[in-house]
Amino acid sequence: HRDLHSFPTRRSSDLHGHVFKLGFQEDLFVQNSLINLYGKCRDIRNSRMVFEQMDQKTIASWSALVSAHANLGMLSECLGIFADMNSEGCWRAEESVLVSVLPACTHLGALDLGRSVHCYLIRNMSGLNVIVETSLMDMYMKCGCLEKGLCLFERMANKNQMSYSVMISGLAMHGCGQEALRVFSQMLEEGLPPDDVIYVGVLSACSHAGLVEEGLRCFNKMKYEYGIKPTIQHYGCMVDLMGRAGMLNEALELVNGMPMVPNDVLWRGLLTACKIHS
């Protein structure tokens, strides 16, 4: 029964029947594995059914159910299960469940709950890993607490690409273009190579701050120095950058030279710029 995750060719319903035939349905490890497996198979109904039929629910059981809902984007349900978990006295949550809860707080704007999770982490864990710290930083930035996010970022002992990406995008979102570029330079100095996601944040920061020359330089450097193929998000940032600066002909030329079909978001950005500049 410890090979439950080695059934990729079986449908989840077949596996459930197989478990019952073997008499392992009361095994706590098997039950927790089934909750997790059903969640990853997008079968949330059976995931909840296994959980609700358990005589004994452990922190791992609650964590598996929270993660199953979070992975499917069922964020309100995720927070509801987390609240039920707390009401049952299971406050000794694992880092894995808290990593699932924090993005839900972020997307739903549940800042108070996010702060409560942060306080719990400070009280009960001696050291946070980079994933949890980055999730906390992302939550604060997207909920409007820029200073708190910056404070967490500066205190991080270890930073990875995701940490820098979250900070650069958050600063861009708040209109702090120069600060975002400073953080980007810091990342390069530490020897971390940028990826396409980070460059979306960098170009967005240039656009919001009106840094036309810097944006063009970063776009060309992304293509020719780092060999990153521009996506439609990168082109959208460049059209927005040029449009804000009144470079409408240059923006249209960029659109016409794209290797992919422009989407409605890109056209809307260009048309808005045309309207602004009459």
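Not measured: the values here are computed from a predicted model.

Trainee: What exactly am I supposed to notice about the packing of aromatic side chains here?
Mentor: Any aromatic ring pair is given by two values, namely how distant the centres are and how the planes are angled relative to each other. Overall, the coordinates contain 5 aromatic pairs when judged by the stated rule. Each ring, one from Phe153 and one from Tyr164, has its centre 5.4 Å from the other, and the planes form 80°; the classification is edge-to-face. Placement of Phe153 in helix α9 (residues 146–155) and of Tyr164 in helix α10 (residues 161–173) is noted, with a sequence separation of 11 residues between them. Each of the two residues, Phe153 as well as Tyr164, counts as buried.

Trainee: Mind showing me how you'd approach a nonpolar patch on the surface here?
Mentor: On the surface, Leu252, Trp267 and Leu271 cluster together to form a nonpolar patch covering roughly 280 Å² of accessible area. Following the sequence through the fold, Leu252 ends up in helix α15 (residues 248–256). Classification of Leu252 by relative accessible area gives partly exposed; the value is 36%.

Trainee: Help me out: how do you make sense of the pattern of salt bridges in this one?
Mentor: Charged atoms that come close allow side chains of opposite charge to pair. A complete count under the given rule lists 8 salt bridges for this structure. Across the salt bridge formed by Arg217 and Glu214, the nearest N and O atoms sit 2.5 Å from each other. Here Arg217 and its partner Glu214 are both found in helix α13 (residues 212–224), 3 residues apart, which amounts to about one turn of the helix. Judged by its relative accessible area of 43%, Arg217 falls in the partly exposed class. Residue classification places Glu214 among the partly exposed residues on the basis of a relative accessible area of 26%. Among the ionic pairs, Arg244 bridges to Asp240, the shortest N-O distance being 2.9 Å. In this pair, Arg244 and Asp240 are both assigned in helix α14 (residues 232–244), 4 residues apart and thus about one turn of the helix distant. Using a relative accessible area of 48% as the deciding quantity, one classes Arg244 as partly exposed. On the basis of relative accessibility, which here comes to 28%, the residue Asp240 falls in the partly exposed class. Through salt bridges that share partners, Glu154, Glu179 and Arg182 make up one connected network.

Trainee: When you look at the packing of α9 against α10 in this model, what are you seeing that I'm missing?
Mentor: In helix packing, the relevant descriptors are the interaxial angle and the interaxial distance, both defined with respect to the helix axes. α10 packs onto α9 with a crossing angle of 155° between their chain directions and a minimal axis gap of 11 Å. The angle between the axes of α9 and α10 places the two elements in the roughly antiparallel class. Where α9 crosses over α10, the handedness of that crossing is left-handed. Contact with α9, carried on its side by Leu146, Gly149, Leu150 and Phe153, involves Ser163, Tyr164, Met167 and Leu171 of α10 and no other residues of that element. Residues of the contact of α9 with α10, tallied by class, amount to 6 nonpolar, 2 polar and no charged.

Trainee: Is there a simple way to explain unusual backbone geometry in this structure?
Mentor: Of all residues except glycine, most have a negative phi; of all peptide bonds, most are trans. Of note, Arg42 is a non-glycine position whose phi angle comes to about 65°, a positive value. Its place among the elements puts Arg42 in the loop between α2 (28–40) and α3 (44–52). At Ser278, a residue that is not glycine, the phi angle is positive and equals roughly 55°. Considering the arrangement of structural elements, one finds Ser278 in the segment after α16 (264–276). We classify Ser278 as exposed; its relative accessible area is 86%.

Calculation rules
- Residues numbered from 1 in each chain as written.
- Predicted model: local features only at pLDDT ≥ 70, side-chain atom pairs only at ≥ 80, totals over all residues.
- Heavy atoms only, no water.
- Phe/Tyr/Trp six-rings, centres within 6.5 Å; stacked < 30°, edge-to-face > 60°.
- Helix = DSSP H or I, 4+ residues; strand = E, 2+ residues; numbered from the N terminus.
- Buried < 20%, exposed > 50% of the residue type's maximum accessible area, 1.4 Å probe, protein only.
- Patch = residues over 30% accessible without salt bridge, like charges linked within 9 Å, V, L, I, M, F, W, Y side chains within 5 Å.
- Areas by Shrake-Rupley, 256 points an atom, 1.4 Å probe, with all protein chains shown as cover.
- Salt bridge = Lys/Arg side-chain N within 4 Å of Asp/Glu carboxyl O.
- Axes fitted to C-alpha atoms, helices over the stretch in contact; angles between N-to-C directions.
- Parallel < 35°, antiparallel > 145°, perpendicular 65-115°, else oblique.
- Left-handed = near helix turned anticlockwise from the far one by under 90°.
- Contact = heavy atoms within 4.5 Å.
- Nonpolar A, V, L, I, M, F, W, Y, C, P; charged D, E, K, R; others polar.

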